[in-house]
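Listed below are the residues making up each chain.
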Amino acid sequence: MIIYTNAGNPFGLKLLICAKLAKKEVQVKTISLNDAELKEMKHLPILQLESGVQLFSTDVAVKYLLQGEAPVIQRDEWLEWSTTRLAPALTHNMAVGNRQDPNTKPILNSLVKFLDDCLSKNTYLTGEKLTSADISVWSLLAPDGTLKGAQNIDNLLRWYRVINAMPEVKAALEELPLKELSFASLKHSNRFEGLHHIVLDPEIIDFEGQVLVDSSDNIAATVQKEEIQAAKDSFVVIKERDVLDEKVVLPKAGQKNNLITSALPYVNNVPHLGNIIGCVLSADVFARYSRLCGYNTLYICGTDEYGTATETKALAEKLTPKQICDKYFEIHNSIYRWFGIGFDYFGRTTTAEQTQIVQDMFKELYAGGYIETRAVDQLLCQKCERYLADRFVEGTCPYAGCGYEDARGDQCDACGKLINAIELVRPRCKVCNTSPIIRQSSQFFLDLPKIEPKLREWVDKAEHGWTHNARVITRAWLKEGLKSRCITRDLKWGIPVPLEGYEDKVFYVWFDAPIGYISITSRYSKEWRQWWQPSPEAKVDLYQFMAKDNVPFHSVMFPASLIAIDKGYTLVSHIMATEYLNYEDGKFSKSRGIGVFGNDAHDTGIPADVWRFYLCSSRPEGQDSSFSWNDLAARNNNELLKNVGNFVNRALVFCEKYFDSTIPPLVLNDEDYTLLALINRELKGYVHQMEKARLRDGIRHLLAISRYGNQLMQAEEPWVLVKGTDDQKTRAGTVIGLCCNLACLLATLIFPFMPSTSRNLYSQLNISTSHLDSDKPQLRILLPSGHKIGKPAVLFNKIDQAKVDELKKKYAGAQQQPTQPVKSPSNKLFTSLVEAQKAVDEQAAKVRKIKSTGADKSVWQPEVNILLELKKQLQTLSQPRTSESTSVSSSAESAANPAPTNQETVESLEAEIAKQGEKVRTLKGNGSDKSVWQPEVNVLLALKEKLTKLTGVAPAANTGGKKKNKK
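Residues numbered from 1 in each chain as written. Predicted model: local features only at pLDDT ≥ 70, side-chain atom pairs only at ≥ 80, totals over all residues. Heavy atoms only, no water.

Some remarks on helix α1 (residues 10–21)
An α-helix turns once per 3.6 residues; consequently, residues spaced three or four apart project the same way. Note the following rule: Counting from the N terminus, the helices are the DSSP runs of H or I reaching at least four residues and the strands are the DSSP runs of E reaching at least two. Take the residue count of a helix, subtract one, and multiply by 1.5 Å to get its expected span. The buried label applies to any residue whose accessible area, calculated with a 1.4 Å probe on protein chains only, is under 20% of its type's maximum; exposed applies above 50%, and partly exposed to all values in between. Between N or O atoms, a polar contact is any pair within 3.5 Å; within protein, one atom must be a potential hydrogen donor and the other a potential acceptor, and residues adjacent in sequence are included only when both atoms are from side chains.
Over its twelve residues, α1 runs 17 Å from end to end, which matches the ideal 16 Å to within 8%, given 1.5 Å per residue. The buried fraction of α1 is high, at eleven of twelve residues. Within α1, the full set of buried residues consists of P10, F11, G12, L13, K14, L15, L16, I17, C18, A19 and L21. Here α1 starts with a cap whose side-chain oxygen sits 2.9 Å from the backbone nitrogen of F11, and that cap is N9. Where α1 terminates, the next one or two residues include K23, which has phi positive at roughly 60°.

What to know about helix α15 (residues 448–462)
Put simply, the rule is: A residue's bend is the angle separating two fitted axes: one through the seven residues that end there, the other through the seven that start there. Two residues qualify as a contact provided that any one of their heavy atoms is within 4.5 Å of a heavy atom in the partner residue.
In the structure, α15 departs most strongly from a straight axis at K454, where the bend amounts to approximately 35°. Buried within α15 are the following residues: L448, I451, E452, L455, W458, V459 and A462. Buried residues belonging to α15 abut β13 (437–446), α16 (468–480), β14 (485–486) and α20 (551–565).

Quick word on the packing of helix α22 (residues 608–617) against helix α25 (residues 695–716)
We count it as follows: For every element, the axis is a line fit to its C-alpha atoms; helices are fit only across the contacting stretch, and the angle between N-to-C directions ranges from 0 to 180 degrees. Oblique is the label for every angle not falling under 35 degrees (roughly parallel), over 145 degrees (roughly antiparallel), or within 65 to 115 degrees (roughly perpendicular). Under this grouping Gly is polar, as are all residues other than the nonpolar Ala, Val, Leu, Ile, Met, Phe, Trp, Tyr, Cys and Pro and the charged Asp, Glu, Lys and Arg.
Packing of α22 against α25 leaves a shortest axis separation of 8 Å and a crossing angle of 110°. Viewed along their axes, α22 and α25 adopt a mutual orientation that is roughly perpendicular. Every residue of α25 that contacts α22 at F613, C616 and S617 is listed here: L695, R696, I699 and L703. Of the residues contributing to the contact of α22 with α25, the split by class is five nonpolar, one polar and one charged.

Quick word on the packing of aromatic side chains
What counts here: The criterion for an aromatic pair is that two Phe, Tyr or Trp rings (for Trp, the six-membered ring) have centres within 6.5 Å, with stacked assigned to planes under 30 degrees apart, edge-to-face to planes over 60 apart and tilted to the rest. Definition used: whenever NZ (Lys) or CZ (Arg) falls within 6 Å of the ring centre and also within 35 degrees of the ring normal, the charge is taken to sit over that ring.
Per the counting criterion, the structure on display carries 30 aromatic pairs. Both rings, one in Y614 and one in F627, keep their centres 5.5 Å apart while their planes meet at 85°; by these two values the pair is edge-to-face. Linking Y614 in helix α22 with F627 in strand β20 (residues 625–627), this pair joins segments that are 13 residues apart in sequence. Considered together, Y614 and F627 belong to a single accessibility category, that of buried residues. Ring geometry for W629 against Y811: centres 6.1 Å apart, planes inclined by 20°, an arrangement best described as stacked. In this pair, W629 sits in helix α23 (residues 629–658) while Y811 sits in the loop between α29 (801–810) and α30 (833–852), placing the two residues 182 residues apart along the sequence. Neither W629 nor Y811 differs from the other in exposure class; each is buried. Taken together, F362, Y366, F444, Y502, F507, W510 and F511 form an aromatic cluster joined through their ring pairs. If you follow K256 out to its NZ or CZ, it ends over the ring of Y295, 5.6 Å from the centre.

A look at the sheet that holds strand β4 (residues 54–55)
Strand-to-strand pairing in sheets goes through backbone hydrogen bonds, with the strands running parallel or antiparallel. Short version of the rule: Any two strands are treated as partners once DSSP identifies two or more bridges connecting them.
Overall, mixed pairing links the four strands, which are arranged β2-β1-β3-β4 in an open sheet. Of all strands in the sheet, those with a lone pairing partner are β2 (27–30) and β4, marking the two edges. Pairing of strand β1 (residues 2–5) with β2 involves four bridges; the strand directions are parallel. The residue bridging Y4 from the neighbouring strand is K29, located in β2. Against the sheet, α1 contacts β1, β2 and β3 (46–48), and its axis sits at roughly 165° relative to β1.

Listed below in structure tokens is the structure:
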């Protein structure tokens, strides 16, 4: 049996403990919702039985594991209680921000009191014998913080300790450690982002007392003396670290050297918000954080410019591949500049350095015996004198029951199945429309099986620094066993193979693109080898940011090449892979005008920093997430404007108004130091999460610090104190001084996310910059008494609902447009076979033209539907019709349009045959391929057959040249 669960899920622990108690052999697989193994069941955890049956209800699963339990009724009641009442209440209790439910604490108090009362009468929940009900409840109470501040629950604690000491529980906790359990993990366990969608029922509150201290009011009680002392010791003035403005950043011995890359964006399109947060923005935020901590940091990126997609785009836009690359490089570059992406160098792969390094690496792999040569069947267009890559060939789908005539060389858009280009029926070149032939071509393959043992050994050591989805994807590849991969193509746009006799081949983009990180670094500095082939004294940590579809190239392909070369190249230590960002629960589509693309964001009037903050707070870290205009406005108005902006502005305006823009003397009391200790907790949490590039959690911690500042202002009311006695005025000064220092801390913490806003706040505080001490994240005095601040100003502006509605409509595209009836040629009822065939030909040409431009499926699919309808009509006309069917189908038209006489019909057919015969002769005379003229011959033969049935006499052999004499 297999337990599929996501990391930290307490329900997964419930299943594992019950399996241990049942003495069942189970394998635990930690996966995400998007893993293929889940199939259609987007729910975790799941117990998969040996028969393959999957149980997604953990209550059903534990009943299956522990059959024969008694008493059954009481057990089932407790299982339901734990799942439908306790679990949602604990989830809401552990929530932060706008997900908090004000009813949570009293409800949870009642539930825990009820639990303690029941355990005062029995050893276990159902009596004197442990059941799956006990394990279900215990697993929910196990995560850290669930019973924070609990008091007067001796019976519950006794029961908890008894279960905790059980050998089966200890064995389970070795596989699923207690410290990793978290109710936050439930957010990634189903499509509803956990249990927050379950509304708590206030009617179950039947206990007036408190067994759980309300942490929102009394969290200070959890602060230890050591934390308070540490807060006192650290809250002093410390000189800012000197930051050297180095023109070229190189690794240094004895320092932390971070080499950061983001997946090279492909040059043939405009990036949308999902592309931006998935790669360049995430990497930029981490690079800025890294520099804040004083790490030696280099951030490299650039455009990926070689390959078939570039050639296809060039063909569609009637430009050369070089012109396409130049055009879109500038588009990407300008978009990233507007978003404030701080590359140390943004380059390209179409450089002499890229060619040299790629060719040198290939030669080393070839010399080392890691390159194979194989003959591969490919389609050759004799007219274009070139082998056709997948995107340059179309034809009829080979799968039975489909037969779609415009299937691509890699996939059929009608049935969705993958296709090998040589399997297409009646293939045709997209450039010249002639039929290619199959010809063998010799290609180079990277011998991955030969490298696999060393690669596996490296993955075992390196993967602990990768995101969960990166580990899962890589392990899936290794589990299947690696196969040799083709690294060359018969294309013109690419890096030539540097071997005699193979000059007409280029390297496949997956092989050369990752090497772009190295060549772009070489454009940045001639000392690039210090980053990519570092000395043992100057260790380099390589952080690579990407969407999950790019993982295999960075965790398997590229490292395999570097390991095989064995020249001490830097291998990735941290793969930071995201899931996908959708648009309003749909997909981004440039052709349909759906979603915000990089060049659209500027036009919205919303500052780049707000976009950065929102995208990072919505970053799809554990599962796919969606961009929402309403959510963007809510986060801007609540988290930025009301929380951070309101706090900072109030503190600085108060300092300006009552203390002449000067930081007052700070006379801290015990409560202040307790507050500093709580802030230090959040600061440590911020550093801990940012070190792992968990940007959403980093934002959560900085917002918590701002909330503490707001709470301090509200609780102390300095606007009242400043008008009181001298002691009260001193206290007001201390509060404002503390708040201004917190504002300065926030300016530093938001810098990675919102650099322009941070600089603005630094200016208002009248300081140049600040830094973080990641080894000792403690709040220090950033603005000492006597420091003169600058002029306060508003940091954020409200986004009104009217603006939201306007933008939502503007970027909704076809998704929100009213459906209009499509005027289709298929609405016309054809009576002429030739006319129908002509309509089919014209519509087919229209479909091919639209698809050749790279248009979205939503654009060309309606045209395909019209084509299919026309073909149905053509097929109907080609078949003899019974008198009954003829009379039925034509009855509606016969009154208004009298049918032609038999003689008129014959003459019309003869004329059509003559015309069609001339068309066939012209095509054959031009030397057209059979695939071009054969359909026209079929039309001609069908016309002749129709004439034969009408007259009872077969047309003369030369029919189509001259009209017959009338008798």
